[in-house]
Amino acid sequence: MQISLNWLKQYIDIPKDLDPQDLGLRMTMSTVEVEEVIDLSTSYQKIVIGQVKEIIDHPDADKLKVCQVDIGQDDRVSIVCGGLNLKEKMYCVVALPGAFVRWHGEGEPVKLAEAKIRGVNSYGMICAASEVGLDHLFVVKNESEIIDLGEGDFKPGENVAKALKIDDIIYDIDNKSLTHRPDLWSHYGMAREVAAILDIPLKPLETPAINGVDKYKLKITVDAEELCPRYQAVVIDNINVKESPSWLRNYLEAIGMRPINNIVDITNYVLFSLGQPLHAFDADKIANDKIIIRLAKKGEKIISLDGEERELLDTNLVIADSAKPIAIAGIIGGVNSEVTEKTTRIVIESANFEPSNIRRSSGDIGLRTEASVRFEKSLDPNLTELAIFLTVKLLKECCPDSVIASRVYDEKNYKDEKKVISFTYSWLSKQMGLEIRKEEVIRILESLKFQVKNKGDQFEVIVPTWRATKDISIPQDIVEEVARIYGYDRIPDDLPVIKMSQAKVDLEKQVERKTKQLFAYTFGLNEVYNYSWQSEDLLAVLNKKVSDCKELKNYLSPEQRYLRISLIPNLLKNLEDNLRWYKEVKIFELGKVYLKEEGNYALDQTNKKKLAYQPKYLSCLIADNSINDVFSYTKGL
């Protein structure tokens, strides 16, 4: 997963003197594994903002112009350029000697040098978008067009990455290091963590009220309640589907996402901001304004947004209208409800789905998406509300004429119960191996948004909902939270003091060891270790009753169905296997058998039920034709 430093700065004020590499190290030492810290601005070294001051014709080339360009230095520089859209006073992007560019946007980057073009000195080049990797920001009609920044508020000589606000630091985080932390699969979740690490304030999320006209009415039915704890939806009318504003495109591009249109980009922005997946449906493509959350019918098909036709199983959860599935829940939408340039009315879905079903369904259809990766980790159902608020707010910003055309539908199928964990300060100190001041323990937990009550030695901690799904459940989890934010490197690595004492004599073990030595070294028998189960066939041969044996519930084969009540059946099996290769077999075994009568050990804390009686038996088997009376020989041993 990739995290943008600029994105984090929306939620926390990171100290200006903190080196991005140091922040990456601190995140690694306490929370996640940062594999790489990537400075995007390094791709734009020696590429600056310039302003064209004067344009004259090239004396020896009809299609070229000689431009006097202000690049923030004392003197203007002369640059030869063939851009079709050149004009005076325009701001442009200038690659200075030493910069790397792609000629006409093709091939590998080459290092630019000062040159003479048709006899005229050219100090660098005025660039087209594709030549400096900015084609994702600027759409051009002709490949000979240069980047036209107009006559806006730019500073000549300023690095283009800073001027266009694409000078970002990206933290490439190993996904395996946060599989147990669904709250960290977002920028706000990571900002919350960084705020705790640096002991700085976290800005609260805005939750604007959603007021609108109740013009459209949806009929929402949740048939599979156990698979959909919460489903929220709202209708937005008078939508204008168009290109997203540059700030939104920049954020998505920075973390490797391709901008599509303002509606899709907003849902992706909220996904990466809060960690809550959303989906936008074209409302006019939803039959009868009905949304049904149900299990798919076996063999039902849907063409997903990636263009693949997918056959569904009856265990896959779908979002459907009255006629058809319109999305595979928590994974991907369908083409039949896709938002296009013609869309004017949309339904925004913000839902929570049961993680195991999403994980299995994702495997069934062979597709993992940014949404499914998050849903399968147990998201907080309370997150859907924050996500739908932010989505509506951004839609109003990007589409000022849009109208909230329905109430916010909210189908809840979960209990919002507080998880409380109790422990003592003395226990916490013993677990950590050092005493941290109580005030510091409280500060650390509250910085992670735990609610803490402390009275004397007793602590009571209320776990925030985004950590209570499957992450924090026992007191030892709280120890880990305190230790990692306090700093593992600050905990002394002294060896524990171990009291030396004489080992207790285990008489039973001594007898076992001497018995085995007697049979192996004195009598010359080979010791065998057999499994603790036996087959019904062997029991029948020895006239043993199956009813006398304990049966395994999870046996893998008929030979492993019953726990042994004697060592002899398996010794006979050893004999059968070995007589094919050896003329004489002398073996013995000392091991437990499992009888139906109750033994000495309790099955649970009630002490009412006991484990089976498990005495240790000793058996030996001798087959040797060279011995005249093998029975008497064995009896003699």
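Since the model is a prediction, treat every value here as computed from it, not as a measurement.

Trainee: Which residues make up the overall build of the protein, and what are the values?
Mentor: Across its full length, the protein holds 16 helices and 34 strands. A globule of 637 residues ought to have a C-alpha radius of gyration of about 26 Å, yet the protein, at 36 Å, is considerably larger. Each of the 637 residues in the protein was classed as buried or not, and the buried ones make up 48%. The contacts in the protein between residues at least 6 apart in sequence include a share of 70% that link residues at least 24 apart. Surface summary for the protein: the accessible area is close to 34600 Å², and the carbon and sulfur share equals 48%. Charged side chains in the protein number 85 positive and 99 negative. The centres of these two groups are separated by 6 Å.

Trainee: Which residues make up helix H5 (residues 246-254), and what values go with them?
Mentor: Among the residues making up H5, those that are buried are Leu 248, Arg 249, Asn 250, Tyr 251, Leu 252 and Ala 254. The inward-facing, buried residues of H5 contact strand E1 (2-4), helix H1 (5-8), strand E12 (169-173) and helix H6 (262-274).

Trainee: Talk me through the packing of aromatic side chains; I want residue IDs and the actual numbers.
Mentor: Under the definition given, this model contains 14 aromatic pairs. Aromatic pair Trp 247 and Tyr 251: ring centres 6.2 Å apart, planes at 80 degrees, arrangement edge-to-face. Within this pair, Trp 247 and its partner Tyr 251 are both found in helix H5, separated by four residues, close to a single helical turn. Note on Trp 247: relative accessible area 33%, which makes it partly exposed. Tyr 251 gets classed as buried once you look at its relative accessible area, which sits at 17%. In this structure an aromatic cluster arises from ring pairing among Trp 7, Trp 247, Tyr 251 and Tyr 269. Taking the ring centre of Trp 466 as reference, the NZ or CZ of Arg 192 above it sits at 4.1 Å. When the ring centre of Tyr 216 is taken as origin, the NZ or CZ atom of Arg 345, which lies over that ring, is 3.8 Å away.

Trainee: Explain H6 to me, and be specific about the residues and the numbers.
Mentor: Its 13 residues place the ends of H6 18 Å apart at the C-alpha level, agreeing with the 18 Å of an ideal helix rising 1.5 Å per residue. Most of H6 sits inside the fold, with twelve of its 13 residues counted as buried. Where H6 begins, the side chain of Asn 261 points an oxygen toward the backbone nitrogen of Ile 263, at a separation of 3.1 Å. Gly 275, located one to two residues past H6, shows a positive phi value of around 85 degrees.

Calculation rules
Residues numbered from 1 in each chain as written. Predicted model: local features only at pLDDT ≥ 70, side-chain atom pairs only at ≥ 80, totals over all residues. Heavy atoms only, no water. Helix = DSSP H or I, 4+ residues; strand = E, 2+ residues; numbered from the N terminus. Rg over C-alpha atoms; globule rule 2.2 N^0.38 Å. Buried < 20%, exposed > 50% of the residue type's maximum accessible area, 1.4 Å probe, protein only. Contact = heavy atoms within 4.5 Å. Areas by Shrake-Rupley, 256 points an atom, 1.4 Å probe, with all protein chains shown as cover. Lys, Arg positive; Asp, Glu negative; His and termini not counted. Charge placed at Lys NZ, Arg CZ, Asp CG, Glu CD. Phe/Tyr/Trp six-rings, centres within 6.5 Å; stacked < 30°, edge-to-face > 60°. Lys NZ or Arg CZ within 6 Å of the ring centre and 35° of its normal. Expected span 1.5 Å × (residues − 1). Polar contact = N/O pair within 3.5 Å; in protein donor to acceptor, adjacent residues only side chain to side chain.

Purely geometric numbers; function is a separate question.
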